[in-house]
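Descriptive structure summary
Okay, here's what each chain looks like letter by letter:
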Amino acid sequence: MTTASKLNRLTPYLFLAPAVLLLAVALLYPIGYMIYASFLDWRPSQYIGEAEFVGFRNYINLWNDEAFRESFGVTLKFAAVVVSLEMLLGVGLALLLDRKLRGMAALRTIFILPMMIAPIVVGLMWRYMYHPTVGIFNRTLKSWGLDPIPWLSDGTWSFVAVVIADVWQWTPFIFILSLAALQSLPQSALEAAELDGATGWQKIWHIKLPLMMPVLIVALLLRLIDAFKVLEVVLVMTNGGPGLSTEILSLRIFRTAQEFQELGVAAAMSNYLLILLMILTVIMFVYNKAVENRAARLRAEAQEA
Amino acid sequence: MPTIRFEQVEKSFGAVRVLPPLDLSLNDGEFTVLVGPSGCGKSTTLRILAGLEELSGGEIFFDENPISGLASKDRDLAMVFQDYALYPHMNIAKNMSFALRLKKTPTAEIETKVKRVADMLNIGHLLDRKPAELSGGQRQRVAMGRALVRDASTFLFDEPLSNLDAKLRGKMRTELAEMRDTLDKNMVYVTHDQIEAMTLGDRIVVMSEGVIQQEGTPEQLFKEPANKFVAGFIGSPTMNFLDAELVSEKGKLLARGDGFNLPLPKELTSNLKDYSKREITLGVRPSSFSTDVKTGAPIELRLVVSEYLGAQSTLVTKCGEAEILVEHESSSPMKTGGVLKFGVRTEELMVFDKETERRL
């Protein structure tokens, strides 16, 4: 290869380099900062350079920290419960509302409204609805002559309460993605299934759900990633309590940094969460890539045939 | 097999009426082709029969039983779709056996049936593949196979060959014709391609703008078209239509127009007695011209374009201002520009009322 052609091949990289560098610094610096901080015994009053380097001590201590482990468990449980419920309800609603009836468009718009409200507002709203005496739920129960429910003051009920709030806000996300997936299904395949004798349920089970699967898996992973990071709703509604019953990880991190002033420990916690989310993200990318590759391979094979 | 009867069946989408009330009978065991240009209502008719569209009025009877209240799945129909409509996530065996599996047919029976049909259609080696791994022609066969496995009383085809290239379409047409002769089933076949209609149909129903123009055997439609539309739609290249007026000369009836003066067959005389001096449309098939001037009435045509096809050519000519297509048997191409003399076989001429377009 001549020098000139070598240079030609390099030219695009030279032009791109400044932009890539800038992006890399802007993206990676804060993350690097956090990773570095997790190896320090660092107080907010200190300049980061003066903080004591403690190696993996923060990480190891956390491993043995009962409260951290519990909050990790609460987060896992929360994510699993809300995402399962949201998937079930969102997909179910989409299947139900995927039809051409008068007023459907308006109904669909109403269904996605919760998603557009700021989580902090959602938290406040539900907190007042859960209020032990003047909240709508307990007042209604009372008017029916039933005992009030200790929504936010009992460990189990408060977990249920935040789950309901999250499901209320985020089911619409699954709903619109599922609806979009449903509406882009090949109509003639569904008609063929109808002529093949499939009932409504059989069409859902054998045709619609399998064909929606790629979208559903992406929706599931996106929601999981989000559910692991939930903060505001829980912060406003229960502040993690009573006890540690709703102390999700973000809240624990927030508290560790804000109240206990242990920035290094908070950073280490964040990194545990980051690792978990990265695993999920990698799964999503690998899955997407696999779907794409498969589609590309099938297309290529079909063209050869 | 049931006899299928449409009685005053109509269909509107909102304010748009796509099918005015329509009567149609499909005889037992017959291969009926619904043919017409796009938008003529043929696909809608088929989809109403399949139960994929609700009718807006009238009733369809299978033998004497009304079926408009029945869901598609209860009508005992199998259908081949234009885009094949295979289930993308199932392999070919699963695609073909879907209906049988829903009916909880024993596995062994399913396997036998699928294998038999797959072998018949030469797709036996593809059973493990997914639809996306097949070529267009193979998918078409699978779609056909999925319908055949069903053993339904009536088969519906919605333009099944229109997504194939010309060569494959010809091949599949022949195979369909074979299948038609071996299967004793009702078959209803929708197409816009008159060649498919002519080669496959026991009976052809020509539709235009939602209205049935004519029903009949391929031969009837070709030789005795009811009107100008059918005459122009059936036959390839298409029939030439020329404005003319009727004149009587020495007891003979002539059609006279710009550049031609052709005697009409005697049989037409009585039909045309009210039309003297009135304007008519004269229909001449491209195949009615002969280079042997003596075989018919002479006519002079100016050659504009010669479409050389090998064994024959289609000549685009002008007679006065009117364009005339001529089918010309000749193994060598013609030079354009000159004036050619032809003989017209006058017994093949057709006359249409210029206003009603009815054949006279």
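Residues numbered from 1 in each chain as written. Chains lettered and ligands numbered in written order. Predicted model: local features only at pLDDT ≥ 70, side-chain atom pairs only at ≥ 80, totals over all residues. Heavy atoms only, no water.

Focus on the overall build of chain B
- Helix and strand content of chain B: eight helices and 20 strands.
- Over its C-alpha atoms, taken along the principal directions, chain B stretches across nearly 80 × 50 × 35 Å.
- Per-residue burial for chain B yields a buried fraction of 51% across its 360 residues.
- Counting contacts in chain B only where the partners sit at least 6 residues apart, residues at least 24 apart contribute 66% of the total.
- When the 46 positive and 52 negative side-chain charges of chain B are each reduced to one mean point, those points stand 3 Å apart. (Helix = DSSP H or I, 4+ residues; strand = E, 2+ residues; numbered from the N terminus. Buried < 20%, exposed > 50% of the residue type's maximum accessible area, 1.4 Å probe, protein only. Contact = heavy atoms within 4.5 Å. Lys, Arg positive; Asp, Glu negative; His and termini not counted. Charge placed at Lys NZ, Arg CZ, Asp CG, Glu CD.)

Concerning the nonpolar core
Residues and elements named next belong to chain B.
- Counting 100 residues, the largest nonpolar core has Phe6, Leu49 and Ile60 as its most contacted members.
- Those residues in contact with Leu49 that lie beyond four places of it in its chain are Ile4, Phe6, Leu26, Ile60, Phe62, Ile67, Arg75, Leu77, Leu156 and Val188.
- Counting residues in hydrophobic clusters, the runner-up holds 44 residues, among them Phe31, Ile110, Met144 and Leu176. (Core = buried A, V, L, I, M, F, W, Y, C linked by side-chain atoms within 4.5 Å.)

Quick look at empty space enclosed by the protein
- In total, this model carries one cavity of 30 Å³ or more according to the counting rule given.
- Considered as a void within the structure, the largest cavity measures approximately 60 Å³ in volume.
- For the largest cavity, the full set of lining residues is A:Ala192, A:Leu195, A:Asp196, B:Ala78, B:Met79, B:Phe81, B:Ala143, B:Arg146, B:Ala147 and B:Arg150.
- Elements with a contribution of two residues or more to the lining of the largest cavity: α8 (187-195) of chain A together with β6 (77-80) and α4 (136-150) of chain B.
- With four residues, α4(B) is the largest single contributor of residues to the lining of the largest cavity.
- Classifying every residue of the lining of the largest cavity gives seven nonpolar, no polar and three charged. (1 Å grid on protein atoms, 1.4 Å probe; cavity = no way out; pocket = protein on both sides within 12 Å on 5 of 7 lines; lining within 4 Å. Points joined across faces, edges and corners; volume = space filled by probe spheres on them. Nonpolar A, V, L, I, M, F, W, Y, C, P; charged D, E, K, R; others polar.)

Here we look at the layout of surface pockets
Residues and elements named next belong to chain A.
- A volume near 920 Å³ is recorded for the largest pocket.
- Elements that contribute at least two residues to the lining of the largest pocket include exactly α3 (66-97), α7 (155-183), α8 and α9 (200-228).
- Counting residues per element, the lining of the largest pocket draws most heavily on α9, at five residues.
- Residues that form the lining of the largest pocket fall into these classes: nine nonpolar, five polar and nine charged.

Brief notes about the domain arrangement of chain B
- Assigned domains of chain B: these are domain 1 (4-226) and domain 2 (240-353).
- Each of domain 1 of chain B and domain 2 of chain B was reduced to a C-alpha centroid, and the two centroids are 39 Å apart. (Domains from an automatic or database assignment.)

As for the pairing of strand β4 (residues 57-62) of chain B
All names here are of chain B.
- Counting buried residues in β4 gives five out of six residues, a clear majority hidden from the surface.
- Pairing of strand β1 (residues 4-13) with β4 involves five bridges; the strand directions are antiparallel. By the bridge assignment, Glu7 is partnered in β4 with Glu59.
- Pairing analysis gives two bridges linking β4 to strand β5 (residues 65-66), with the strands arranged antiparallel. Each residue of the ladder has a partner; that of Phe61, found in β5, is Pro66.
- A loop of two residues connects β4 with β5, the two strands running antiparallel in sequence, and Asp63 in this loop sits at a positive phi of about 50 degrees. (Pairing = 2+ DSSP bridges.)

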